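Per-entry structural report
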Amino acid sequence: MSSNNMIEIRNLCHRYVMGSKTLEIINGLELALEKGKWCCVYGASGSGKTTLLNLAGTLEKPTSGEIIINGTDVARMSRREAAEFRGKHIGFIFQSYHLVGELNVLENTAFAGTFSGMSRSRAVSRAKELLGAVGLAERLYHHPAELSGGERQRCAIARSLMNDPELILADEPTGNLDEATGSEILELFGKLRAANPDMTILMITHNPDIARLSDISLKLENGKLSKLRDAETPR
C-alpha cells in the first residue's frame, strides 16, 4: 500500500444469498484514495453505494477481497477489533442523522467520545468546541425534535469528528434536506476540510451535481467503480 493512501480496496466482492438466489452487489471493485482527498461515489438507487460504505467502515465483512485503511487490512478483523478500529479511526455521517431523541445536542455529540474511552470532562469540552465550529453553540441543550434538519445534520457532523478520525464516511448527508440547507451542509464540509487538511472523506450520493463538487468523482455501476473526473482545482 502506498503510504500516501488512506484507503486501498482490492478485488472486493460482496454478495447476499437469498434462498436459492445469489445477489452480487460488489464485483471486483478497486479503489485507491489518497489521504486528504474528498471522494464522492455516485450511483443509482440499489447500485450498492451504502454496501460499499458499510464495508469500508467495517460494519459488514466482504465476501472476498481486501480493504486497507491507513495500512490496516480491516476485512480480516474480528467484530471486536473492527468496533475498536471504527471508534478510533472512522467518523460516520448518516442520511437519517441517527441522533438519540432522549439526549440533547451536547449529550448526543459527547457520547461518541465517552463511548471510545474519553473522559466525560474531555468529551464535553471537545463536543462544545465542535458544536461551536458547526454553528450550534446556541443549541447545546436542545433535543433533536427541536432542531431543523440542517441542525440535526450539523450535530451529526460534530459527533463524527469527536475522536479526530482520519477518515469520514458520509452516507447521503444531504439526502433528507432541501436544496438550500443541503448547500449549507456542503459548504460546511469545505470549511471543515480547510481546517483539517489531512482529513479524508468518502461520501456517497445519488446526485451527480454533488459528486462533482468533490476532488474525485466516481460512479458505482454493475458492482465496479469508474471515474467521472478529477476536480480541476483542490477544494
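Per chain, residues are indexed from 1 in the order of the written sequence. Where totals are concerned, whole chains, interfaces and linings use all residues; where local detail is concerned, this predicted model gives features only for residues with pLDDT of at least 70, and gives and counts side-chain atom pairs only at 80 or more. Here the side-chain values reflect all heavy atoms present in the structure, with hydrogen atoms and water set aside.

Details of the overall build of the chain
Secondary structure elements follow DSSP: runs of H or I of four or more residues count as helices, runs of E of two or more count as strands, with numbering from the N terminus. Secondary structure summary: the chain contains seven helices and 10 strands in total. A radius of gyration in this sense is built from C-alpha atoms; the matching globule rule multiplies 2.2 Å by the number of residues raised to 0.38. Relative to a compact globule of 235 residues, whose C-alpha radius of gyration would be 18 Å, the chain shows 18 Å and is just as compact. When its C-alpha atoms are laid out on the principal axes, the chain stretches across 50 × 40 × 40 Å. Sorting the 235 residues of the chain into buried and exposed places 48% on the buried side. Put simply, of all contacts in the chain between residues at least 6 apart along the chain, 69% involve residues at least 24 apart. To measure how exposed things are, a 1.4 Å probe is used in the Shrake-Rupley method; for residues, cover is taken only from the protein chains shown. Surface exposure of the chain reaches about 11,600 Å², of which carbon and sulfur atoms provide 48%. Where the 28 positive side-chain charges of the chain centre and where its 29 negative ones centre are 3 Å apart. Exposure is judged per residue with a 1.4 Å probe applied to protein chains only, and the accessible area is read against the type maximum: over 50% gives exposed, under 20% gives buried, and values in between give partly exposed. Any two residues whose heavy atoms approach within 4.5 Å at even a single point are treated as in contact. Charge assignment in this entry is limited to Lys and Arg as positive and Asp and Glu as negative, and neither His nor the chain termini are counted. Charge placement uses NZ in Lys and CZ in Arg. For Asp and Glu, CG and CD serve respectively.

Side note on the state of the cysteines
One covalent bond between the sulfur atoms of two cysteine residues makes up a disulfide. Criterion for a disulfide: a pair of cysteine sulfur atoms within 2.5 Å. Tallied over the full model, the rule gives zero disulfides. Here Cys39 stays unpaired: no disulfide links it, and the sulfur of Cys40, its closest cysteine neighbor, is 7.0 Å away.

Structural notes on the sheet that holds strand E4 (residues 64-69)
A strand pair is defined by DSSP finding two or more bridges across the two strands. Spatially, four strands are ordered E2-E1-E4-E5 in an open sheet, and the strand pairing comes out antiparallel. Of all the strands in the sheet, the pair left with one neighbour each is strand E2 (21-34) and strand E5 (72-73). With 11 bridges joining them, strand E1 (residues 5-18) and E2 adopt antiparallel strand pairing. For Asn5, the partnering residue across the bridge sits in E2 and is Glu34.

Focus on the pattern of salt bridges
For side chains bearing opposite charge, pairing can occur when the charged atoms are close. Salt bridges, as used here, are contacts in which a Lys or Arg side-chain nitrogen is within 4 Å of a carboxyl oxygen on Asp or Glu. Applying the stated criterion across every chain yields a total of 10 salt bridges. Ionic pairing is found between Glu151 and Arg139, a salt bridge with its closest N-O pair at 3.3 Å. Pair noted here: Glu151 is in helix H5 (residues 149-160) and Arg139 is in the loop between helix H4 (120-133) and H5, with a separation of 12 residues, a long-range link. Using a relative accessible area of 21% as the deciding quantity, one classes Arg139 as partly exposed. Each member of the salt-bridge network shares a partner with another, and the members are Glu8, Arg10 and Glu66.

With respect to the packing of aromatic side chains
Two measures describe an aromatic ring pair: the distance that separates the ring centres and the angle between the ring planes. Stacked, tilted and edge-to-face are the three classes applied to pairs of Phe, Tyr and Trp rings, where Trp contributes its six-membered ring and a pair requires centres within 6.5 Å; stacked means planes under 30 degrees apart, edge-to-face means over 60, and tilted covers the rest. According to the stated counting rule, one finds three aromatic pairs in the structure shown. Each ring, one from Trp38 and one from Phe189, has its centre 6.0 Å from the other, and the planes form 25 degrees; the classification is stacked. One end of the pair, Trp38, is in strand E3 (residues 38-42); the other, Phe189, is in helix H6 (residues 179-195), with 151 residues separating them in the sequence. For Trp38, a relative accessible area of 4% gives the class buried.

Looking at the confidence of the model for the chain
A residue's pLDDT is the confidence the predictor assigns to it, expressed on a 0 to 100 scale. Looking at the chain, pLDDT values average 90 and 96% of them are 70 or higher. Every residue in residues 230-235 scores below 50 in pLDDT, and together they form 11 contacts with partners more than four places removed in sequence or on other chains.

Topic: the nonpolar core
Nonpolar side chains in soluble globular proteins generally cluster together in the buried interior. Ranked by internal contacts, the top residues of the largest apolar core, which has 36 residues, are Leu131, Ile157, Phe189 and Met203. Contributing elements (two or more residues each) for this core: E3, helix H3 (105-115), H4, H5, strand E7 (167-171), H6, strand E8 (200-205) and helix H7 (208-211). Setting aside residues up to four positions removed in sequence, Ile157 forms contacts with Ile93, Val134, Ile185, Leu188, Phe189 and Leu192. Among the nonpolar cores identified, the runner-up in size contains 32 residues, and Ile7, Ile67, Ile69 and Leu202 belong to it. Side-chain atoms within 4.5 Å link the members of a nonpolar core, which is a set of buried Ala, Val, Leu, Ile, Met, Phe, Trp, Tyr and Cys residues.

Describing the environment of Leu161
Following the sequence through the fold, Leu161 ends up in the loop between H5 and E7. The spatial distance from the C-alpha of Leu161 to the C-alpha of Gly91 is 6.1 Å, given a sequence separation of 70 residues.

A word on the pairing of E3
Within E3, four of the five residues are buried, leaving the element largely enclosed by the surrounding structure. The pairing of E3 with E8 spans five bridges and is parallel. Counted as the bridge partner of Cys40 is Met203 from E8. Where E3 and strand E9 (residues 216-221) come together, four bridges link them in parallel fashion.

Observations regarding the packing of H3 against H5
Axes, fitted as lines to C-alpha atoms, cover a helix only where it is in contact. Angles between the N-to-C directions of the axes lie from 0 to 180 degrees. Between H3 and H5, the shortest axis-to-axis distance is 8 Å and the interhelical angle comes to 25 degrees. Classified by the interaxial angle, the pair formed by H3 and H5 is roughly parallel. Seen from above, H3 lies across H5 with right-handed handedness. Seen from H3, the contacting residues are Val105, Asn108, Thr109 and Ala112; seen from H5, they are Cys155, Ala158 and Arg159. Tallied by class, the residues present in the contact of H3 with H5 amount to four nonpolar, two polar and one charged. Any angle that falls under 35 degrees is termed roughly parallel, while one over 145 is termed roughly antiparallel, one within 65 to 115 roughly perpendicular, and all others oblique. For a crossing to be left-handed, the near helix must be turned anticlockwise from the far one by less than a right angle; the clockwise case is right-handed. Following the grouping adopted for this structure description, the nonpolar residues are Ala, Val, Leu, Ile, Met, Phe, Trp, Tyr, Cys and Pro, the charged ones are Asp, Glu, Lys and Arg, and the polar ones are all others, Gly among them.

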